[in-house]
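Now for the letters of each chain:
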Amino acid sequence: MKNTTHFGYETVEEDQKVHKVAEVFHSVAAKYDVMNDMMSAGLHRVWKIFTVAQAGVRPGFRVLDIAGGTGDLTKEFVRQAGKTGEVWHTDINESMLRVGRDRLLNKGLITPTLLCDAEKLPFQDNYFDRVTVAFGLRNMTHKDQALAEMQRVLKPGGKLLVLEFSKVPEILQKPYDLYSFKVLPWMGQKIAGDAESYKYLAESIRMHPDQETLKTMMETAGLDRVQYFNLTAGVAALHTGIKL
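Residues numbered from 1 in each chain as written. Predicted model: local features only at pLDDT ≥ 70, side-chain atom pairs only at ≥ 80, totals over all residues. Heavy atoms only, no water.

The name given to the protein in an unreviewed UniProt entry is Ubiquinone/menaquinone biosynthesis C-methyltransferase UbiE, and the organism recorded there is Undibacterium hunanense. Listed under Function (unreviewed entry) in UniProt, the entry text for the protein is "Methyltransferase required for the conversion of demethylmenaquinol (DMKH2) to menaquinol (MKH2) and the conversion of 2-polyprenyl-6-methoxy-1,4-benzoquinol (DDMQH2) to 2-polyprenyl-3-methyl-6-methoxy-1,4-benzoquinol (DMQH2)." (UniProt positions renumbered as here; feature names shortened; annotations may be inferred.)

A few words now on helix α9 (residues 211-220). All buried positions along α9 are accounted for by Q211, L214 and M218. The buried side chains of α9 occupy one side of the element, clustering within an arc of 70 degrees when seen end-on. Next to the buried residues of α9 lie α6 (143-153), β7 (154-165), β8 (224-231) and β9 (236-242). Downstream of α9 by one or two residues, G222 has phi in the positive range, about 105 degrees. (Buried < 20%, exposed > 50% of the residue type's maximum accessible area, 1.4 Å probe, protein only. Helix = DSSP H or I, 4+ residues; strand = E, 2+ residues; numbered from the N terminus. Arc of directions from axis to C-beta. Contact = heavy atoms within 4.5 Å.)

Okay, the UniProt feature "binding site: S-adenosyl-L-methionine" (unreviewed entry) in the protein next. When the UniProt feature table is mapped onto this chain numbering, "binding site: S-adenosyl-L-methionine" (unreviewed entry) sits at T70, D91, D117 and A118. For D117, the location among the structural elements is in the loop between β5 (113-115) and β6 (128-134). Look at D117 and you get partly exposed, because its relative accessible area is 26%. Here E119 takes part through its backbone nitrogen, which lies 2.9 Å from a polar atom of the side chain of D117. Structurally, A118 can be placed in the loop between β5 and β6. Judged by its relative accessible area of 6%, A118 is buried. Setting aside residues up to four positions removed in sequence, A118 forms contacts with I66, M140, A146 and E149. (Polar contact = N/O pair within 3.5 Å; in protein donor to acceptor, adjacent residues only side chain to side chain.)

For the rest of this paragraph, the subject is the pairing of strand β4 (residues 86-91). By the criterion of burial, β4 is predominantly enclosed, with five of the six residues buried. Here strand β3 (residues 62-66) runs beside β4; their pairing, made up of four bridges, is parallel. Across the sheet, the residue bridging to V63 is V87, located in β4. Regarding the hand of the β-α-β motif, the stretch spanning β3, helix α4 (residues 72-81) and β4 is right-handed. In this fold, β4 hands off to helix α5 (residues 94-106), which returns the chain to β5; that crossover is right-handed. (Pairing = 2+ DSSP bridges. Right-handed = clockwise from strand over helix to strand, strands pointing away.)

Along the chain, the position of R206 falls in helix α8 (residues 195-207). Within the structure, R206 has its side chain in polar contact with the side chain of D177 (distance 2.9 Å). Reaching out from R206, the side chain makes a polar contact with the side chain of S180 at a distance of 2.7 Å.

Before going further, it helps to spend a moment on the pairing of β7. Burial runs high along β7: nine of the 12 residues are buried. Across six bridges, β6 lies against β7 in parallel orientation. Across the sheet, the residue bridging to T132 is L161, located in β7. Where the polypeptide runs from β6 across α6 and back to β7, its parallel neighbour, the crossover connection is right-handed. Bridging between β7 and β9 involves seven bridges; their strand directions are antiparallel. Opposite E164, over in β9, you have A237 as the bridge partner.

Here it is in structure tokens:
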């Protein structure tokens, strides 16, 4: 029997999930930022600004941006790390990576861009000062393995930052569900010509571990001083942990 996992609310074989997630992001890559602005009323930019501030990247830092996609975080880290720093823009999806790479180049920012799997990072142990993943962890098949890899490549004293959609209070659940499962697919169809991908994105958020569960997963992966910040009433949350 092959191992199974979830793809939204659907149960699929593990080796199928990677391909299905890839299809989603190949489909939405060109309209990804436009849809993010529409879906979150621009709040995703505020959440990313907060994440960048919490990262505290300084000149000379080595930074790994996992699931870097269109390069929003990478862009800021390249500027902060400066000429003496080293910032890697990575993603498992080639379409997203190309969009991000082109946007970085259009801003005059040259930095390493790499197609890679977060569950099998091609970097040596204890290398990075900061590792970040924004809105990518929920799409990974083996989240525990990915977190362990992130911890492995961090230097002692380095910080992992995980920005992801999370769980809202019970009182907000019904209106949030209405928006997620009715409005989002409609917007996806109108703007990106793809309702199904946005239906999956809504389902994937519901299947993602809640704040406390993810905190425990990060601690199990070997991170210390794990804490989280609820953003916009828990629509998103930023988790941070230190490798001691």
